[in-house]
Amino acid sequence: MTRDRFKEFDMHNVCLQLIGLGSTDGRQQNMPTCSEISTTINVTTNPRHIICACFHSHIQFVTYLLKTNLKPSGVSFKGKTKYSMDLNSSLSSNTIPVVSTLTKPTEDAKSSPTSSSEVHKPISYWPGVYHSPVTDALWDERVSINERLFDIPDDAPPPTELLTRTPSESRTTIVYAFSSDSTLREQYKDPWNEFRIGKLLEDLDALAGTITFKHCSDDDITTRPLMLVTASVDRIVLKKPISVDKDLKISGSIIWVGRSSIEIQMEVITQGEGPNDFESVALTANFIFVARDYKTNKAAPVNRLTPETEQEKILYDGAEARDKVRKMKRGEDKKQSDKSEVNRLEALLSEGRIFCDMPALADRDSILLRDTRLENALICHPQQRNLHGLIFGGFLMHRAFELAFSTAYAFAGIVPSFLEVDHVDFYKPVDVGDFLRFKSCVLYTEHDNPDQPLIYIEVVAHVTRPEIRSSVVSNTLYFTFTVRPEAKATKNGFRLRNVVPATEEEARSVLERMDAEARQRSQSI
């Protein structure tokens with residue numbers, strides 16, 4: 001396959017060499033494996049062996065390298081060696097060479113074959129190396145759509161002419177070939193042989209960004225492009241468990257466009273049980289992106305959307321109604337609590353006061369909200385940045401989900417099962433080097449359905465700056481879990497405890513989440 005790719009791109013004086021540890025089966029020496037790949041650049045005067053990449057589980061990057069013509073440091077696919085290393089002379093038998101599995105984005109269009117140095121794309125457009133293979137592929141697609149990102153002069157004006165596009169123009173599908181790719185399956189499975197939801201959140205965010213990028217892109221090379229960022233996640237609903245034993249795909253498109261905001265709807269579609277079974281939707285997700293001007297960071301207008309089919313028109317109307325509800329909520333003045341809300345607060349706080357004042361008499365089936373809290377912290381590294389040089393929103397959701405799952409696990413005492421991402425807000429961008437703290441708690445529980453009790457988790461992300469004694473909320477995320485039936489069956493008489501707030505601030509947070517959940521349920525009816 002690799003040889004054919006080299007031939008396809010007319011690369012001369014290049015041959016491939018497989019390097020692998022031989023293994024024996026008692027009869028003969030087996031052929032080497034493809035765990036490592038190197039290239040030999042045949043230069044007439046001074047041939048050198050140059051390692052191109054050590055792929056291990058990322059063998060797909062061979063195609064990626066040749067398809068995009070991205071050159072690893074020290075190698076030119078134009079047939080001219082920039083830097084070289086004679087492995088035979090520089091490495092002893094006890095030395096293990098370590099090389100990067102990824103390549104540096106280089107700017108081929110402007111570089112001359114005879115240039116003495118490579119021209120690298122700006123570091124702010126060079127994403128990190130933490131991300132999943134799907135996210136990497138989606139970002140590569142985004143860059144290939146609009147290479148002009150790297151050639152825009154500083155004084156380029158903002159876009160002036162808005163285009164009209166259809167949902168089909170931005171529709172994008174990614175496929176996970178789990179049934180035939182064991183390496184990919186290992187990257188995504190959790191301990192219960194299901195899809196890791198945290199990694200799925202990353203891929204959904206990357207796919208939503210690529211879809212938005214397609215909708216907003218144009219052919220005008222004289223204007224600066226828009227900066228497209230995740231504003232919020234409206235809702236992500238898991239309809240059934242997602243196994244990694246079968247292939248699945250994620251498909252999405254733009255369903256609504258405002259002046260500067262865009263709503264994207266995506267579906268995770270799984271293979272049926274039998275060969276003749278129809279595919280079914282396992283998860284739905286709605287993301288909200290906003291467009292910003294690169295220079296001013298102010299809201300910027302985006303291309304218009306014209307739905308064509310009846311289904312597209314229904315989705316458009318529903319998204320427009322949700323946008324009006326969001327604006328009404330933002331525009332509401334802070335009013336004094338009416339009598340009914342005061343009564344609700346009092347009812348929530350009454351049991352909490354007993355815990356605080358008379359703990360020996362408190363309800364043993366209840367627990368204080370503050371006693372369900374978990375917290376972790378991290379430093380945001382360059383490996384987690386996105387195409388804009390900021391910390392990838394999918395990474396933040398991934399880390400928040402892992403903490404929420406752990407919180408539900410510690411609270412319930414048995415393995416939880418994810419149901420929904422109720423809402424995510426992105427208030428502030430997170431920069432490389434930020435000290436980020438995630439704090440979680442169980443807001444409340446519901447026992448209306450004994451077979452599926454519900455656990456509502458809140459996760460708040462804080463950007464903390466000790467030097468200036470500052471802590472700012474960057475994200476709030478809300479998750480819903482239940483407990484796995486097989487785990488519940490192992491505990492006779494299992495029952496979730498009630499969660500009670502001890503302060504008015506905690507009680508208000510609980511009421512706000514209850515009211516938001518009630519609104520979502522009424523809209524889905």
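Residues numbered from 1 in each chain as written. Predicted model: local features only at pLDDT ≥ 70, side-chain atom pairs only at ≥ 80, totals over all residues. Heavy atoms only, no water.

Some points on the pattern of salt bridges
With the rule as written, the count across this model stands at 16 salt bridges. Glu 517 is the partner of Arg 235 in a salt bridge, and the nearest nitrogen-oxygen pair spans 3.6 Å. Here Glu 517 lies in helix H12 (residues 504-524) and Arg 235 lies in strand E6 (residues 226-238), a separation of 282 residues in the sequence. For the pair Arg 235 and Glu 517, one class covers both residues: buried. Residues joined by salt bridges that share partners form a network here, namely Asp 234, Glu 263 and Arg 322. (Salt bridge = Lys/Arg side-chain N within 4 Å of Asp/Glu carboxyl O. Helix = DSSP H or I, 4+ residues; strand = E, 2+ residues; numbered from the N terminus. Buried < 20%, exposed > 50% of the residue type's maximum accessible area, 1.4 Å probe, protein only.)

Here's the deal with the confidence of the model for the protein
With 68% of its residues at a pLDDT of 70 or more, the protein has an overall mean of 76. Contacts of residues 15-91 to residues separated by more than four positions or lying in other chains number 147 contacts, the stretch itself having pLDDT below 50. (pLDDT = per-residue confidence, 0-100. Contact = heavy atoms within 4.5 Å.)

What about helix H7 (residues 197-216)?
Along its 20 residues, H7 runs 28 Å from first to last C-alpha, staying within 8% of the 28 Å computed at 1.5 Å per residue. Most of H7 sits inside the fold, with 20 of its 20 residues counted as buried. (Expected span 1.5 Å × (residues − 1).)

Examining the nonpolar core
Judged by nonpolar contacts, the single largest core of 101 residues is most densely connected at Tyr 176, Ile 250, Met 266, Phe 287, Phe 479 and Phe 481. Among the elements that line this core, the one with the most residues is helix H10 (residues 393-412), at eleven residues. With near-sequence residues (within four places) excluded, Tyr 176 lies in contact with Val 134, Leu 184, Tyr 188, Phe 195, Asp 203, Asp 247, Leu 248 and Ile 250. (Core = buried A, V, L, I, M, F, W, Y, C linked by side-chain atoms within 4.5 Å.)

Topic: the side chain of Glu 420
Tracing the sequence through the fold places Glu 420 in strand E13 (residues 416-426). You can call Glu 420 buried: its relative accessible area is 14%. Ignoring anything within four residues of it in the chain, the contact list for Glu 420 reads Arg 235, Ile 236, Val 237, Tyr 478, Phe 479, Thr 480 and Glu 517.

Overview of unusual backbone geometry
Positive phi values are uncommon outside glycine, yet Asn 193 reaches one of about 60°. Residue position: Asn 193 is located in the loop between helix H6 (182-188) and H7. Residue Asn 193 is classed as partly exposed on the basis of its relative accessible area, which comes to 28%. In this structure, Arg 469 takes a positive phi of about 55° despite not being glycine. Locating Arg 469 in the fold gives a position in the loop between strand E15 (454-465) and strand E16 (470-483). Residue classification places Arg 469 among the exposed residues on the basis of a relative accessible area of 82%.

Observations regarding the sheet that holds E13
Think of a sheet as strands paired side by side through backbone hydrogen bonds, with each pair either parallel or antiparallel. Pairing is antiparallel across the open sheet formed by ten strands, whose spatial order is E5-E7-E8-E9-E6-E13-E16-E15-E14-E12. For this open sheet the edge positions go to strand E5 (172-176) and strand E12 (374-379), each flanked by a neighbour on one side alone. Here the average twist between neighbouring strands, direction ignored, is 25°. Alignment of E12 against strand E14 (residues 435-446), held across six bridges, turns out to be antiparallel. Along E14, the bridge assignment pairs Ala 377 with Arg 437. Contacts between H7 and the sheet are confined to E5, E6, strand E7 (248-257), strand E8 (261-270), strand E9 (280-293), E13 and E16, with E8 contributing the most and set at about 130° to the helix. H10 rests against E6, E9, E12, E13, E14, E15 and E16 of the sheet, and its axis sits at about 45° to E14. (Pairing = 2+ DSSP bridges. Axes fitted to C-alpha atoms, helices over the stretch in contact; angles between N-to-C directions.)

So, the environment of Pro 501
Here Pro 501 is to be found in the loop between strand E17 (498-500) and H12. Pro 501 gets classed as buried once you look at its relative accessible area, which sits at 1%. Pro 501 sits 57 residues away from Tyr 444 along the chain, and the two C-alpha atoms are 9.0 Å apart.

Points about the environment of Gln 384
Considering the arrangement of structural elements, one finds Gln 384 in the loop between E12 and H10. Overall, Gln 384 belongs to the buried group, its relative accessible area being 9%. A C-alpha to C-alpha distance of 9.5 Å links Gln 384 and Gly 394, two positions ten residues apart in sequence. A distance of 2.9 Å separates a polar side-chain atom of Gln 384 from the backbone nitrogen of His 381. (Polar contact = N/O pair within 3.5 Å; in protein donor to acceptor, adjacent residues only side chain to side chain.)

Points about the pairing of E16
Burial of E16 is extensive: ten of the 14 residues sit out of reach of the surface. Pairing between E13 and E16: nine bridges, direction antiparallel. The residue bridging Val 421 from the neighbouring strand is Phe 479, located in E16. Across eleven bridges, E15 lies against E16 in antiparallel orientation.

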